[in-house]
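Coordinates in review
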Amino acid sequence: MSWFTGDDEKRYEIFGAGGGARLAQETRHRALGTDSLDTKLREGGDVGEPIVVTIPRANVVAGVQALAATIVSQVRRASTDKN
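1. Points about helix α4 (residues 59-82)
For α4, with 24 residues, the first-to-last C-alpha span of 37 Å sits near the 34 Å given by 1.5 Å per residue. Of the residues making up α4, those classed as buried are Val 60, Val 61, Gly 63 and Thr 70. Where α4 is buried, its residues meet α2 (39-47) and α3 (51-54).

Printed below as a string of structure tokens:
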């Protein structure tokens, strides 16, 4: 999470951009993904109500789902590699 979209619909990169991808490359790891900062995402997490359930059409949901799919894929790949 490194940016937020303001009320003006402009994307604000408050922590810069590309740092996670550069670190992953330097350490020979895979970057899992990025997503926007979203107050509703945090609030839902704080009370155990995932935004993918409570507000499934929120802009941040696609990124959360993509991240989850990447993690599942990596776990499956690691499990297969061990066998």
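Here the narrative resumes, following the displayed structure.
2. Looking at unusual backbone geometry
Phi at Glu 9 takes a positive value of approximately 70 degrees, unusual for a residue other than glycine. Counting through the fold element by element, Glu 9 comes out in the loop between β1 (4-5) and β2 (11-12). Looking at Glu 9, the relative accessible area reads 64%, which means it is exposed. For Arg 28, which is not glycine, the phi dihedral falls at a positive 60 degrees. Relative to the assigned elements, Arg 28 resides in the loop between α1 (19-26) and α2. A residue is classified by how much of its surface remains accessible, and Arg 28, at 79% relative accessible area, is exposed.

3. Considerations on the environment of Pro 50
Position of Pro 50 among the secondary structure elements: in the loop between α2 and α3. Once the C-alpha coordinates of Pro 50 and Thr 27 are considered, the two residues, 23 residues apart in sequence, prove to be 31 Å apart.

4. A look at the pattern of salt bridges
Tallying each qualifying case throughout the model produces three salt bridges. We note a salt bridge from Glu 13 to Arg 11, for which the minimum N-O separation is 2.8 Å. The partly exposed category is assigned to Arg 11, whose relative accessible area is 45%. Glu 43 is the partner of Arg 42 in a salt bridge, and the nearest nitrogen-oxygen pair spans 3.9 Å. Owing to a relative accessible area of 47%, Arg 42 belongs among the partly exposed residues under this scheme.

Calculation criteria
- Residues numbered from 1 in each chain as written.
- Predicted model: local features only at pLDDT ≥ 70, side-chain atom pairs only at ≥ 80, totals over all residues.
- Heavy atoms only, no water.
- Helix = DSSP H or I, 4+ residues; strand = E, 2+ residues; numbered from the N terminus.
- Expected span 1.5 Å × (residues − 1).
- Buried < 20%, exposed > 50% of the residue type's maximum accessible area, 1.4 Å probe, protein only.
- Contact = heavy atoms within 4.5 Å.
- Salt bridge = Lys/Arg side-chain N within 4 Å of Asp/Glu carboxyl O.

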